[in-house]
Amino acid sequence: MNAVNRVDIRTAAVIGAGNMGSGIAQKIATEGYPVILVDMDEPLVQRGLGIIRATLEQGVERGIFRKEAVEGILGRVRGTADWSALAEADLVVEAVFEDLQVKRDVFRKLGKHCRPDAILATNTSSFFVRDLAQVTPRPERVFGLHYFYHPAKNRLVEVIRHEGSGKAEFDAAWSFQEAIGKTPIRSADAPGFVVNRFFVPWLNEAVRVLEEGSADIPTIEAAARKAFEIGMGPFELMNVTGVAIAMHAADTLGRELHPYYAPAARLRQQVDARKLWDLGGTPDPSRLPAVADRLLGAAFYCAAKLVEEKVASVEETDIGARVGLRWAMGPFQLINEVGVRRAAVLANAVVAGHGLTVPLLLQHADPRVGIPIHLVALGQRGRLTSVWIQRPDAMNALNEDVVQQLENAAGIALAMAEHGIVIGGSGKAFVAGADIRFFVENLRGGTFQRIHDFTARGQKLFRTLSGGRRPVVARVQGLALGGGAELALACDWIAASPKAAFGFPETGIGIYPGLGGTQRLPRRVGLPLAKYLVYTGQILGADQALAIGLCDQLATFSLLDAACEALAERGPAVPRSAPRAPRDPSWKPVWDFFDRYSVDQILSGQGDTGGNAQLERAVKRMREKSSLALRLSERLFDEGCDLPLEEGLDLELAHLQEIFSSPDALEGLSSLIEGRKPAFAGR
Ligand SMILES: NC(=O)c1ccc[n+]([C@@H]2O[C@H](COP(=O)([O-])OP(=O)(O)OC[C@H]3O[C@@H](n4cnc5c(N)ncnc54)[C@H](O)[C@@H]3O)[C@@H](O)[C@H]2O)c1
């Protein structure tokens, strides 16, 4: 059985204060953790700190950070050339020169200076993690953490296990990536790991097309931008990230995998000439489709091959492309888009001449279904069966496909789980709500029935989650908004990380929470506080959520899985009845206000706030909401709270058409996707 992680990472260290190391340290400090930044001598340390300061100051100019925040972040970075400082670190990330000997020396030194329980990680791009783990006294505590440039900005990190890595240590390294706002994906200890395994050959294929004279650089750039919906084509990307880096990466892949991956001669020439690519010129439109086919074929072959070799899953490969490279679609989504038959033909056209054959995954895929891509994964997390939503780049938003897959996965988990079930999401958000575009498209298209069916299906699924044979725990590591908060409420228990945030923004977009929010929320936190949250859309952090009973337990990221297990030990929750008084006395003024006054009284200025600032803010916020949505929410709260939960939920569903057919719903939902303030009728 897998053990859950009980290694708590509080202090991190980074070795190597260069481009990557300084960025990794910056990100860790920005997310609130102390970090020790080590380099060979004091001037190099100072240079690294200077890089961090300069990057943060640019962030201030662009309005990403407040000026005061910069000093706070820098205050958490301790630069030193004294390795004895590493005794404090729970996690050390090595980011020194890409030289095996240098890195092995560093790992030997880490073995001496770090505590025996510290986790050691390498940011290597081209060496095997096992070759570094070998030189340490505790290889089970060594991992790869492969960040992408710029590591304070690019969310992706590949978490690499070698054969001797420990499970609990892996979980700790993984959870810490979530804690610092990263989107981790798993990789085997294989050449190029996940993303570089298809990205570097993609760059190389572009150079081959050029070398053969099939197209010039502007044509290849235009074809790539269009086919992959990206801002920069392969040549511009190489200019930005380093032409030599691309060549070295291709060299490694060519050496370890097959000569097909080795750099094109033209790439070597460019590196020898120490020149950037000349991007000038006009694309030749007649060549665009053929060039796109070459680039697609290269990506398809390499992605399918790495999955076939079990380096990563289909889903995590796609996440790698979307999050790390900002492709609009991952290689497998693209394969399904062009059709698996044609995808196999394109891949074959690229690799057949190199003596390679198309992976069976692609050859044998059923053309009617394509390659199955699971938006929801079923697995095991410690003792609990896990149901994981994996759409991190869409903040795990609920849409028809996600709900359908949740239904399947939860159905299996509920039937099979031995101990309990944990529901979670990958990336920064737990679930940031429902897919607003889907609502808008159906409202505009006059197909409300689809919205109804989607909501009814979601409600039905949510009704199965709690009070069953096995406890279901929501693992809320980040944002839980709207439908996401309602999903958490539908579980027996809610465990939250310090970065969890709960909110019900619906009335601000002209609707009400329709996935059980108007019924389960009052039964958890009491009717007046439920009204406060839904009427104002106020987002609560984890501490506040715990204080009012909106979640059951708070745990640091590294201990979150253990907290989920502990909650599951309590068994399924008994049906909740609404509390009659606030748990935390500091919420009494809010409780009393929303207990006493109706929506109409508050909107017409009859609610006496007694000068309480929180209440004044609440009233102000309510004036920005759809009054129609507020009134309907109030009705559902008042009429539903004395009914059995099931009947309350039916009531919520029964009013769905009323709210969605109102002009406020279309206005509110459209305003959100158009990024403007809504103008509601009938204020
Ligand atoms: N640059 C990228 O885009 C990128 C992306 C992913 C991974 N990586 C990997 O990250 C690592 C670092 O790359 P970089 O681009 O930041 O390199 P860099 O040259 O900018 O920085 C390396 C730093 O390590 C320090 N260093 C070297 N030997 C050391 C030692 N023995 N002890 C302490 N410090 C030492 C150097 O002084 C320097 O500050 C490499 O392994 C690289 O493959 C780089």
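### Brief notes about the domain arrangement of the protein chain
Structurally, the protein chain comprises domain 1 (12-188), domain 2 (195-363) and domain 3 (376-674). Using C-alpha coordinates to define each centre, domain 1 is positioned 36 Å away from domain 3. With ten residues of domain 1 at the contact, the number on the domain 3 side is ten residues. Summed over both sides, the interface between domain 1 and domain 3 buries roughly 960 Å², with carbon and sulfur atoms accounting for 46% of that surface. The tally of links between domain 1 and domain 3 comes to two salt bridges. The partner of Glu31 in a salt bridge is Lys499, with the nearest N and O atoms 2.7 Å apart. Counting across the interface, domain 1 meets domain 3 through three residue pairs in polar contact (both at pLDDT 80 or more). With four residues, the single largest contributor to the side of domain 1 that touches domain 3 is helix H6 (residues 167-179).

### Re helix H31 (residues 663-674)
Taking 1.5 Å as the rise per residue, H31 with twelve residues should run 16 Å; its terminal C-alpha atoms sit 16 Å apart, in good agreement. Buried within H31 we find Asp664, Ala665, Glu667, Gly668, Leu669, Ser670 and Ser671. The inward-facing, buried residues of H31 contact helix H18 (436-444), helix H28 (627-640) and helix H30 (656-660). Just beyond H31, the residue with positive phi is Gly675, at close to 65°.

### Some points on the sheet that holds strand E15 (residues 493-496)
With mixed pairing, the six strands of this open sheet are ordered in space as E9-E10-E11-E13-E15-E18. The open sheet has two edge strands, strand E9 (376-381) and strand E18 (553-554), and neither has a second partner.

### Let's talk about the site of the ligand
Around the ligand, the surrounding shell holds 24 residues, and the nearest of these are Met20, Asp39, Glu98, Lys103 and Asn123. One of the backbone nitrogen or oxygen atoms of Met20 is found 2.7 Å away from an oxygen atom of the ligand. Within the backbone of Val96, one N or O atom sits 3.3 Å away from an oxygen atom of the ligand. For the ligand, whose accessible area on its own is 830 Å², the fraction buried by protein is 83%. Every element with two or more residues in the shell around the ligand is listed here: helix H1 (19-30), helix H2 (42-61), helix H4 (100-113) and strand E6 (142-147). If you tally residues by element for the shell around the ligand, the top one is H4, at three residues. The residue inventory of the shell around the ligand, partitioned by class, reads 13 nonpolar, seven polar and four charged.

### Structural notes on the pairing of strand E8 (residues 183-188)
Along any regular strand the residues' side chains alternate between the sheet's two faces. Note: strand E7 (residues 156-161) against E8, six bridges, orientation parallel. Directly across from Glu158, in E8, lies its bridge partner Ile185. Handedness of the crossover joining E7 and E8 through H6: right-handed.

### Regarding the sheet that holds strand E14 (residues 479-481)
Taken in spatial order, the four strands make up an open sheet running E12-E14-E16-E17, and their pairing is mixed. The sheet terminates laterally at strand E12 (429-431) and strand E17 (540-541), the two strands that pair on one side only. Note: E12 against E14, two bridges, orientation parallel. Residue pairing across strands places Ala429 opposite Leu479, the latter belonging to E14.

About the criteria used
Residues numbered from 1 in each chain as written. Predicted model: local features only at pLDDT ≥ 70, side-chain atom pairs only at ≥ 80, totals over all residues. Heavy atoms only, no water. Domains from an automatic or database assignment. Contact = heavy atoms within 4.5 Å. Buried area = accessible area lost by both parts, 1.4 Å probe. Salt bridge = Lys/Arg side-chain N within 4 Å of Asp/Glu carboxyl O. Polar contact = N/O pair within 3.5 Å; in protein donor to acceptor, adjacent residues only side chain to side chain. Helix = DSSP H or I, 4+ residues; strand = E, 2+ residues; numbered from the N terminus. Expected span 1.5 Å × (residues − 1). Buried < 20%, exposed > 50% of the residue type's maximum accessible area, 1.4 Å probe, protein only. Pairing = 2+ DSSP bridges. Near = heavy atom within 4 Å. Areas by Shrake-Rupley, 256 points an atom, 1.4 Å probe, with all protein chains shown as cover. Nonpolar A, V, L, I, M, F, W, Y, C, P; charged D, E, K, R; others polar. Right-handed = clockwise from strand over helix to strand, strands pointing away.

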